Amino acid sequence: PNLSENREGLQLGGDIVDMLDNINAVFHDSFGDSLFVPQEFRATLELVRPANTKEEYIFRVISLAQLIGLLNLSALRKLTKEPDTQVKSISLLEKFIVSLGGKPELSVPILRALVRLRQGYPVHTATADGVREAHKFLGIGYPVTEYRTAWLTLLNHFHKALQHIKEVVEGNRQTLDTSGA
């Protein structure tokens, strides 16, 4: 696609990739590990690509859900002391945010809704629990017909959730820095 037609997407996607990297750096400084550990870093490329068609949109949503779901479970489990292996990525992140005195309601519902979109057709079914509610929560119509606009909306939500997570982790780093001084 013509890059000038995707300036907002390029900027927003680039900001998200930077934010993921910054979160990992701050998390590493505080806890000795990365928070986000995608198995396929090429999935981050989808964040800067436009969604002009239904197929592109679906592929981008799947990639976004993959990025969200690939949190460092062993680090989160260790930090939250959560032994139940049925408690997975977003729920562990929620426990972690709470343990640092953060407000998970500022990011966790967004992440859950973004992942829930992946449960819809064609990955599963349009009648999967929570799919339509996720569309409503995120402010995109169901069914999606304006793919580019919907994709930018999802990226904005993801950016907002990441900004909150970054603030929580940075707040913890500042606490660690001042307590050791």
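Before any of the text, the structure's been laid out above.
Just so you know, the residues in each chain are numbered from 1, in the order the chain's sequence is written. Given that the model is predicted, a residue must reach a pLDDT of at least 70 before its local features are reported, and side-chain atom pairs must reach 80 or more before they are shown or counted; all residues, however, enter totals for whole chains, interfaces and linings. Note that the side-chain values use all heavy atoms of the structure and ignore hydrogens as well as water.

### Focus: helix 2 (residues 54-69)
- Taking 1.5 Å per residue, 16 residues should reach 22 Å; helix 2 reaches 23 Å between its end C-alpha atoms and fits that length.
- Relative accessibility under 20% of the residue-type maximum defines a buried residue, over 50% an exposed one, and the middle range a partly exposed one, all with a 1.4 Å probe and only protein chains included. Strands are runs of DSSP state E lasting at least 2 residues, helices are runs of H or I lasting at least 4, and numbering of each runs from the N terminus. Considered for burial, the residues of helix 2 that qualify are Y57, I58, R60, V61, S63, L64, A65, L67 and I68. To estimate how far a helix should reach, multiply one less than its number of residues by 1.5 Å.

### A word on the side chain of R60
- Following the sequence through the fold, R60 ends up in helix 2.
- Of the polar contacts made by the side chain of R60, one reaches the backbone oxygen of R49; its length is 3.5 Å.
- Residue contacts for R60: discarding those within four places in its chain leaves E46, R49, P50, A51 and W151. Polar contacts, as used here, are pairs of N or O atoms within 3.5 Å; protein pairs need one atom able to donate a hydrogen and one able to accept it. Residues neighboring in sequence count only if both atoms are side-chain atoms. We call two residues in contact whenever any of their non-hydrogen atoms come within 4.5 Å of each other.

### Re helix 6 (residues 131-138)
- Of all the residues in helix 6, the buried ones are V131, A134, H135 and L138. The buried residues of helix 6 all sit within an arc of 100° when viewed along its axis, so they share a single face. Facing away from the buried side of helix 6, by more than 90 degrees, are the exposed residues E133 and K136.
- Immediately downstream of helix 6, the backbone of G139 shows phi near 75°, a positive value. By definition, the arc is the one covered by directions from the helix axis to the C-beta atoms.

### Overview of the nonpolar core
- Core analysis: the biggest nonpolar cluster contains 49 residues, and L35, Y57, L93, W151, L154 and F158 have the highest contact counts within it.
- For this core, the secondary structure elements donating two or more residues are helix 1 (7-31), helix 2, helix 3 (73-80), helix 4 (89-99), helix 5 (108-117), helix 6 and helix 7 (147-179).
- For this core, the element with the highest residue contribution is helix 7, accounting for 12 residues. Here, nonpolar core refers to any group of buried Ala, Val, Leu, Ile, Met, Phe, Trp, Tyr and Cys residues whose side-chain atoms link them within 4.5 Å.

### Observations concerning the pattern of salt bridges
- We count a salt bridge whenever a side-chain nitrogen from Lys or Arg sits within 4 Å of a carboxyl oxygen from Asp or Glu. Under the counting rule described, the total for this entry stands at 5 salt bridges.
- Across the pair K95 and E82 runs a salt bridge, and its minimum N-O distance is 3.1 Å. With K95 in helix 4 and E82 in the loop between helix 3 and helix 4, this residue pair connects regions lying 13 residues apart in the sequence.
- Judged by its relative accessible area of 38%, K95 falls in the partly exposed class.
- According to the relative accessible area criterion, E82 is buried, its value standing at 12%.
- Residues joined by salt bridges that share partners form a network here, namely E46, R49 and R60.

### A few points about unusual backbone geometry
- Of the consecutive residues Y142 and P143, the connecting peptide bond is found in the cis state with omega at -5°.
- Relative to the elements of secondary structure, P143 occurs in the loop between helix 6 and helix 7.
- Not every positive phi belongs to a glycine, and K81 is a case in point at roughly 60°.
- Secondary-structure assignment places K81 in the loop between helix 3 and helix 4.

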